[in-house]
Amino acid sequence: MKTIVWDVDDVLNSLTRTWLETQPDCALTFAGLTENPPHRLLGISREAYLRSLDEFRLSRFAALEPAVPVRRWFEAHGHQFRHVALTATPLETAPLSAAWVMRHFGRWIRTFAVAPSPRPDDPGPVIDPSKAGYLRWWGRADVLIDDNPAHVSAARTLGITGLLAAQPWNRGIAIEQILAGLNGE
Ligand SMILES: [Mg+2]
C-alpha cells in the first residue's frame, strides 16, 4: 500500500485564497497571486505578510473548509493508501493545523507532521528544518502532493514522486488531474 504525504495549506484547504478574501481594499485577485509568498505583489514587507497570515491562521484556521475535490477523493479512494499530513507552518499555529486535519481528514490521515516555518520570535528547529529533511529521515513516503515547487523538487531528489498541485504561483497540475492519476495498486 502506497503512502501519500499531503501538504495542508493550499492543498487540503484554501488558506491563501481565504486569507486574501479577508484583506481590506486589496486590488489583487487570487489569480493574480503569481508569487508565493506574495508580499512583493501586495506592496508590503515579507514580515508584514507573514504576520497577517499568522494572525489569520490563529483566528480563522478552524473555520477553513476542506478542498472539495480532495475531500471527495478521500471518501472514494482514501482507504486504498496510507496518508500523512506534512505542513511547514509555524510552531505557534501547528496545533490548529493538526486539529483541523484530524477533524476533516482523520478517517484517513492518521499522522500529522510539521517542519516548522521559522519566525522572528521563533527561529526554528535544529532538526528537520525543511520538509525534505523530514522526508529523508522518515523514509517511507511514496508520493508528495504540495503546491510549493521547492518541496516537490526536493522530494524528487529523494526518489519520491513529487506532484505539484496547481495554484496561481506555480506551474502545477490541476488537483483533479493529480487525484485521478493516483493508483492504489
Ligand atoms: Mg502549501
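Treat the numbers as computed from the prediction; the structure is a model and nothing was measured.

### Details of the overall build of the protein
Alright, step 1. Scanning the protein from N- to C-terminus turns up 8 helices and 5 strands.
Alright, step 2. Its helices and strands taken in sequence order, the protein reads β-α-α-α-α-β-α-β-α-β-α-β-α from the N to the C terminus.
Alright, step 3. Radius of gyration (C-alpha) of the protein: 16 Å, near the 16 Å computed for a compact globule of 185 residues.
Alright, step 4. Counting only C-alpha atoms, the protein reaches 50 × 35 × 30 Å along its principal axes.
Alright, step 5. The 185 residues of the protein split such that 44% are buried.
Alright, step 6. Counting only contacts in the protein whose residues sit at least 6 apart along the sequence, the fraction spanning at least 24 positions is 64%.
Alright, step 7. Counting only carbon and sulfur atoms, one obtains 51% of the accessible surface of the protein, whose full area is about 9,600 Å².
Alright, step 8. Each charge class in the protein was averaged separately, 19 positive and 20 negative side chains, and the resulting centres sit 6 Å apart.

### Thoughts on the sheet that holds strand β1 (residues 3-6)
Alright, step 1. In spatial order, the strands read β3-β2-β1-β4-β5; together these 5 strands make up an open sheet with parallel pairing. The outermost strands of the open sheet, each flanked by one partner alone, are β3 (109-114) and β5 (161-164). Here the strands of the sheet are splayed against their neighbours by 20° on average, with no regard to which way each runs.
Alright, step 2. Pairing of strand β2 (residues 82-87) with β3 involves 5 bridges; the strand directions are parallel. Its bridge partner being in β3, Leu86 is matched across the sheet by Ala113.
Alright, step 3. Where helix α4 (residues 68-77) meets the sheet, it contacts β1, β2 and β3, and its direction lies at approximately 160° from that of β1.
Alright, step 4. Against the sheet, helix α6 (residues 131-138) contacts β1, β2, β3 and β4 (143-146), and its axis sits at roughly 145° relative to β2.

### Points about unusual backbone geometry
Alright, step 1. Residue Pro37 follows Asn36 across a cis peptide bond; omega there is 10°.
Alright, step 2. Relative to the elements of secondary structure, Pro37 occurs in the loop between α1 (15-21) and α2 (39-42).
Alright, step 3. If you check the backbone angles, Asp10 has positive phi at about 75° while not being a glycine.
Alright, step 4. Secondary-structure assignment places Asp10 in the loop between β1 and α1.
Alright, step 5. In this structure, Asp25 is a non-glycine residue whose phi angle is positive, near 55°.
Alright, step 6. With relative accessibility at 82%, the residue Asp25 sits in the exposed group.

### Overview of the coordination of the magnesium ion
Alright, step 1. At this site the magnesium ion is bound by Asp7 (OD), Asp9 (O) and Asp147 (OD), with donor distances of 2.0 to 2.2 Å.
Alright, step 2. Of note, the donors binding the magnesium ion are all from one chain and are spaced D-x1-D-x137-D. Placement of Asp7 in the loop between β1 and α1 and of Asp147 in the loop between β4 and α7 (149-157) is noted, with a sequence separation of 140 residues between them. In this structure, Asp7 and Asp147 share a single accessibility class: buried.

About the criteria used
- Position labels on residues start from 1 in each chain and follow its written sequence.
- The model is predicted, so local features are restricted to residues of pLDDT at least 70 and side-chain atom pairs to those at 80 or more, both for listing and for counting; the totals for chains, interfaces and linings are taken over all residues.
- The basis for every side-chain value is the complete set of heavy atoms in the structure, and neither hydrogens nor water enter the calculation.
- Helix and strand definitions follow DSSP, with helices as H or I runs of at least four residues and strands as E runs of at least two, each counted in order from the N terminus.
- For this measure, only C-alpha atoms enter the radius of gyration; the expected value for a globule follows 2.2 Å times N^0.38, where N is the number of residues.
- To sort residues, take the accessible area from a 1.4 Å probe on protein chains only and compare it with the maximum for the residue type: under 20% means buried, over 50% means exposed, and anything in between is partly exposed.
- What makes two residues a contact is simply this: any of their non-hydrogen atoms within 4.5 Å.
- Note on areas: these come from Shrake-Rupley sampling with a 1.4 Å probe, and a residue is covered only by the protein chains present in the view.
- Neither His nor the chain ends contribute to the count of charged residues, in which Lys and Arg are positive and Asp and Glu negative.
- For this purpose, a charge sits on NZ of Lys, CZ of Arg, CG of Asp or CD of Glu.
- Pairing between strands is defined by DSSP: at least two bridges between them are needed.
- Under this scheme, a helix contributes an axis fitted over its contacting stretch, all axes are lines through C-alpha atoms, and angles between N-to-C directions fall in the 0 to 180 degree range.
- Any nitrogen, oxygen or sulfur atom within 2.8 Å of a metal ion counts as a donor, with the limit raised to 3.2 Å for Na, K and Ca, and since water is left out, coordination shells can look unfinished.

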